[in-house]
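# Residue-level structural notes
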Amino acid sequence: MLNMVYENGQQLVADAHFLDHLVHEVPVQIYRGRHHDDIGYVQMFSDTYVRVNNTLYRRDAFTFISRPGY
């Protein structure tokens, strides 16, 4: 079970958010500013990066949005 219930459009910022999405295969949408960059599943994460679709995204340069049910 997820540690939290995620709303569609909720921003992910904490390690626990990324871990929930990784373990439970909840899709995330990635934005750079207002520009949509990617959507997919968290494959791994660290305090600096999140890997989605075999691409590393810097956590401080992108916004990660929860997309349950996508």
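Here, every reference points to the structure presented above.
Because the structure is a prediction, the values reported are computed rather than measured.

### Considering the overall build of the protein chain
- Helix and strand counts for the protein chain come out as one helix and seven strands.
- Scanning the protein chain from its N terminus toward the C terminus, one meets helices and strands in the order β-α-β-β-β-β-β-β.
- Principal axes of the C-alpha set define a box for the protein chain whose edges measure 30 × 20 × 20 Å.
- Out of the 70 residues belonging to the protein chain, those deemed buried represent 34%.
- Excluding contacts between residues fewer than 6 apart, the proportion of contacts in the protein chain whose partners are at least 24 apart in sequence is 44%.
- Accessible surface for the protein chain amounts to roughly 4,400 Å². Of this, 49% is attributable to carbon and sulfur atoms.
- Taken as two groups, the 6 positive and 8 negative side-chain charges of the protein chain have centres that lie 8 Å from each other.

### Quick notes on the sheet that holds strand β2 (residues 28–32)
- Here four strands make up an open sheet; going across it, the order is β1-β7-β2-β3 and the pairing antiparallel. The open sheet has two edge strands, β1 (11–12) and β3 (35–40), and neither has a second partner.
- The sheet contact formed by β2 and strand β7 (residues 63–66) spans four bridges and is antiparallel. Directly across from Val28, in β7, lies its bridge partner Ser66.

### Topic: the sheet that holds strand β4 (residues 42–45)
- Taken in spatial order, the three strands of this open sheet run β4-β5-β6, and their pairing is antiparallel. Edge positions in the open sheet fall to β4 and β6 (55–58), since each of these has one partner strand only. Geometrically, the sheet is characterised by an average inter-axis angle of 25 degrees between neighbouring strands, direction not taken into account.
- Across three bridges, the pairing between β4 and strand β5 (residues 49–52) is antiparallel. What sits directly across from Val42, in β5, is Val52.
- Running over the sheet, helix α1 (residues 15–23) touches β4 and β5 and is turned about 145 degrees from β4.

Cut-off values and rules
- Residues numbered from 1 in each chain as written.
- Predicted model: local features only at pLDDT ≥ 70, side-chain atom pairs only at ≥ 80, totals over all residues.
- Heavy atoms only, no water.
- Helix = DSSP H or I, 4+ residues; strand = E, 2+ residues; numbered from the N terminus.
- Buried < 20%, exposed > 50% of the residue type's maximum accessible area, 1.4 Å probe, protein only.
- Contact = heavy atoms within 4.5 Å.
- Areas by Shrake-Rupley, 256 points an atom, 1.4 Å probe, with all protein chains shown as cover.
- Lys, Arg positive; Asp, Glu negative; His and termini not counted.
- Charge placed at Lys NZ, Arg CZ, Asp CG, Glu CD.
- Pairing = 2+ DSSP bridges.
- Axes fitted to C-alpha atoms, helices over the stretch in contact; angles between N-to-C directions.

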